[in-house]
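# Structural overview
Listed below are the residues making up each chain.
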Amino acid sequence: MPQLNDYEPIVGAQVLEELRYLAQALKGQRILHINSTAVGGGVAEILNRMLPLLTELGVESRWDVVKGGEEFYSVTKKIHNALHGHAQMFTPRDYEAFEEVQEANLKNMALDEDIIFIHDPQPIGLVKRKRDCGNRWLWRCHVDVSNPQREIWNFLEKYLQFYDKAVFSSPSFSQRLPIPQVLICPSIDPLSEKNRELMPDEISAVIQRLGIPLDKPLVTQVSRFDRLKDPVGVIKAFRQIQKYVDARLLLVGGSATDDPEGAQVYLEVKEAAGDDPDILVLLLPPTAHLEINAIQRASTVILQKSLKEGFGLTITEGLWKGKPVIAGAVGGIPLQITHKYSGILVHSIEGTAYWLKQLLQEPAFARKLGENGREHVRQNFLLTRHIRDYLLLFLSLDPNLKLH
Ligand code: UDP
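Reading the values: the criteria
Along each chain, the written sequence defines residue order, and numbers are assigned to residues from 1. Reporting in this predicted model follows two pLDDT cut-offs: at least 70 for local features of residues, and 80 or more for side-chain atom pairs to be given and counted; totals over whole chains, interfaces and linings ignore these cut-offs and use all residues. As a rule here, side-chain values cover all heavy atoms of the structure and leave hydrogens and water aside. Only one rule defines a salt bridge in this text: a Lys or Arg side-chain nitrogen within 4 Å of an Asp or Glu carboxyl oxygen. Strands are runs of DSSP state E lasting at least 2 residues, helices are runs of H or I lasting at least 4, and numbering of each runs from the N terminus. Classification of residues uses two cut-offs on accessible area relative to the type maximum, computed with a 1.4 Å probe and protein chains only: under 20% is buried, over 50% is exposed, and between them is partly exposed. Near, as used in this document, describes a residue that has one of its heavy atoms within 4 Å of the molecule or strand being considered. We define a polar contact as two N or O atoms separated by no more than 3.5 Å, with the added condition that, inside protein, one atom must be a possible hydrogen donor and the other a possible acceptor, whereas residues neighbouring each other in sequence contribute only through side-chain atom pairs. All accessible-area figures derive from a Shrake-Rupley calculation using a 1.4 Å probe, and residue coverage is judged against the displayed protein chains alone. Contacts: residue pairs with any heavy atoms within 4.5 Å of one another. In this analysis, strands are considered paired if DSSP registers two or more bridges between them. Viewed with both strands pointing away, a crossover whose connecting path from the first strand over the helix to the second turns clockwise is right-handed. Only Phe, Tyr and Trp rings take part, Trp by its six-membered ring, and two of them pair if their centres are within 6.5 Å. Stacked means planes under 30 degrees apart, edge-to-face means over 60, and tilted covers everything else. The rule is short: NZ of Lys or CZ of Arg within 6 Å of the ring centre and within 35 degrees of the ring normal puts a charge over the ring. Here the term cavity refers to a set of points on a 1 Å grid, laid over the protein atoms alone, in which a 1.4 Å probe fits but cannot get out; the term pocket refers to an open set having protein on both sides within 12 Å along at least five of seven lines, with lining residues being those that place an atom within 4 Å of a point. Grid points are joined across faces, edges and corners, and a volume is the space filled by probe spheres set on the points. Classification used: nonpolar for Ala, Val, Leu, Ile, Met, Phe, Trp, Tyr, Cys and Pro, charged for Asp, Glu, Lys and Arg, polar for all others including Gly. When two cysteine sulfur atoms lie within 2.5 Å, the pair is treated as a disulfide. The convention used is that axes are lines fitted to C-alpha atoms, helices contributing only their stretch in contact, and that angles between N-to-C directions extend from 0 to 180 degrees. In this scheme, roughly parallel covers angles under 35 degrees and roughly antiparallel covers those over 145, while 65 to 115 is roughly perpendicular and the rest are oblique.

## Examining the pattern of salt bridges
Counted according to the given criterion, the structure contains 33 salt bridges. Across the salt bridge formed by K216 and D246, the nearest N and O atoms sit 3.3 Å from each other. Highlighted residues: K216 in the loop between helix 8 (200-210) and strand 7 (218-222) and D246 in the loop between helix 9 (231-241) and strand 8 (248-253), separated in sequence by 30 residues. In this structure K216 comes out as buried when scored by relative accessible area, which is 17%. R388 serves as the salt-bridge partner of D389, at 3.6 Å between the closest nitrogen and oxygen. Classification of R388 as partly exposed rests on a relative accessible area of 27%. What you see here is one network of salt bridges that share partners, running through D215, K216, D246, R248 and D278.

## Remarks on the site of the ligand
Around the ligand, the structure places 15 residues, and the nearest of them are R224, K229, G254, L313 and E317. The backbone of G42 places a nitrogen or oxygen atom 2.9 Å from an oxygen atom of the ligand. One of the side-chain nitrogen or oxygen atoms of E317 is found 2.4 Å away from an oxygen atom of the ligand. Look at the ligand: alone it shows 530 Å² of surface, and the protein chains cover 89% of it. If one sorts the elements of the shell around the ligand by residue count, helix 12 (residues 313-320) sits on top with three residues.

## Here we look at the environment of L303
Within the element layout of this structure, L303 appears in strand 10 (residues 301-304). Along the chain, L303 and V325 lie 22 residues apart, while their C-alpha atoms are 5.7 Å from each other. Dropping the residues within four chain positions of it, L303 is found in contact with V219, T220, Q221, V234, L249, I326, T352 and L356.

## Re the pairing of strand 5 (residues 165-168)
On a regular strand, one side chain projects to one face of the sheet and the next to the other, so that they alternate. Judged by which residues are buried, strand 5 turns out to be covered on both faces: K165 and V167 on one side and A166 and F168 on the other are all buried. The sheet contact formed by strand 4 (residues 136-140) and strand 5 spans three bridges and is parallel. Of the residues in strand 5, the one forming a bridge with L138 is K165. This β-α-β element, strand 4 to helix 7 (residues 150-160) to strand 5, shows right-handed connectivity. Sheet topology note: the strand 5/strand 6 (residues 181-183) ladder contains three bridges and is parallel. What sits directly across from V167, in strand 6, is V182.

## Here we look at the packing of aromatic side chains
Applying the stated criterion to the full structure yields 17 aromatic pairs. Seen from their ring centres, F90 and Y95 are 5.7 Å apart, and the 25° between their planes marks the pair as stacked. Side by side, F90 and Y95 carry an identical accessibility label, which is buried. When the centroid spacing of 4.9 Å and the interplanar angle of 55° are considered together, the rings of F117 and Y390 count as tilted. Of the two residues, F117 sits in strand 3 (residues 115-119) while Y390 sits in helix 16 (residues 383-396), which places them 273 residues apart along the sequence. Summarising the burial analysis for this pair, F117 and Y390 share the class buried. Members of the aromatic cluster, each reached through a chain of ring pairs, are F72, Y73, F90, Y95, F98, F155 and Y159. It is K78 that lies over the ring of F90; its NZ or CZ is 5.3 Å from the centre.

## Thoughts on empty space enclosed by the protein
This structure, assessed with the given rule, holds two cavities of 30 Å³ or more. By volume, the largest cavity is sized at about 80 Å³. Surrounding the largest cavity, E45, I46, R49, S187, I188, D189, S192, N195, L313, E317 and L383 form its lining. Breaking the lining of the largest cavity down by element, the ones donating at least two residues are helix 3 (42-56) and helix 12. With three residues, the top contributor of residues to the lining of the largest cavity is helix 3. Taken together, the residues of the lining of the largest cavity break down into four nonpolar, three polar and four charged. In this structure, the second largest cavity spans a volume of roughly 30 Å³. Along its surface, the second largest cavity is lined by Q221, S223, R224, F225, P231, L251 and V252.

## Some thoughts on the state of the cysteines
Summed over all chains, the structure comprises zero disulfides. Distance from the sulfur of C141, which forms no disulfide, to the nearest cysteine sulfur (C185) is 13 Å. With relative accessibility at 0%, the residue C141 sits in the buried group.

## Considerations on the packing of helix 8 against helix 11 (residues 289-298)
Following both chains from N to C, one finds helix 8 and helix 11 inclined at 105°, their axes separated by 9 Å at the closest point. One finds that helix 8 runs roughly perpendicular with respect to helix 11. Contact residues: I203, V206, I207, R209 and L210 in helix 8; L290, E291, A294, I295, R297 and A298 in helix 11. Grouping the constituent residues of the contact of helix 8 with helix 11 by class yields eight nonpolar, no polar and three charged.

## Side note on the sheet that holds strand 2 (residues 60-65)
Sheet strands line up and pair through hydrogen bonds in the backbone, either parallel or antiparallel. Taken in spatial order, the six strands make up an open sheet running 2-1-3-4-5-6, and their pairing is parallel. Looking along the sheet, the strands with just one partner apiece sit at the ends: strand 2 and strand 6. Across the sheet, the mean angle from the axis of one strand to that of its neighbour is 20°, orientation sign disregarded. In this sheet, strand 2 lies alongside strand 1 (residues 30-35) in parallel orientation, the contact comprising six bridges. Note that in strand 2 the partner of I31 across the bridge is S61. Helix-sheet contacts for helix 16 involve strand 1, strand 3, strand 4, strand 5 and strand 6, and the interaxial angle to strand 3 is about 130°.

Everything listed here is a matter of geometry and, on its own, says nothing about what the molecule does.
Laid out in structure tokens, this is it:
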């Protein structure tokens, strides 16, 4: 695992000094993060990288995962889709199953750390314990809640009112809430296996091992197989440009343990790809960080045609690698991409096809987008900035914590 000092060549000494200064005031504080999956998806990705650095800074940080069964995950997937604005039918049993899992987890968790940091809706009900422990609770929403189904938002608000603060990734997600809310963008770790620099021969070794031919420009979307990532829309856009440019499309993905729909969506994607040798669909385990790094670096253009998106770490990853990224103009994505400056924002299959063709035909313009994107990520979306924001947030929770 990298140490804080290893980040100095990328972010500068001052940034690290500031982190050490802020962390001083939090020495001895214990933080517990809770989400619903240890692998797969952006939340697990961030926590894995952030916690060792917080611990190095003297802010003792632990991570736990709520456990539920099949019924719970199908309810939480419905909640996820409803928060994204897709109307869902909830039965009384759905709510009951959700609450049963909260109760079952409460039995096995002490939850007496100074700060409990709950990620997303799945463990939101654990806040019941706050009454007994008198500690501080944060709810971190990673989901695009610009237009949530009201019924489900009201259900979550029942729990939310007991939290000290809520954290969102984009100003467009803010809701009328009885508690203060703050805006903190996610981040990537430039030194992780997923993002570290790779030598050209390292890239080709991985790509060869995966059997991806590089005789044509590679256009890639890395995503869990989730309809909101619109993998079938990506295939449709690619088909529209095939008669003009010779390229190969690669859809790479896996699934997260808390996502029951992945297998079905994978089948839909395989069917849409058919037997076209220029459309590759690759399943990778969620631990395949080096593979994804090499694939992103071997790509000519990166796509992320999401229909809803909390933030979209795959975009941050692509931009950090200096790649031109074409992405849906939804959720947190416009915070990362300024259209025609640090990438391309699209609203449709046709728009995606149009810009994909442009970027493949105008490599100098594509390169410039990638360069600007990388600089934007360096300034705003690296792990050190994220840690700073969290330290400030922790400090803001307790007036007894003082900076010296
Ligand atoms: N990812 C991965 N393997 C996959 C699909 C995604 O490692 O098969 C990673 C991807 O590189 C990124 C994260 O999972 O770091 C996805 O985060 P994002 O915010 O893009 O989407 P989410 O999955 O959280 O909706």
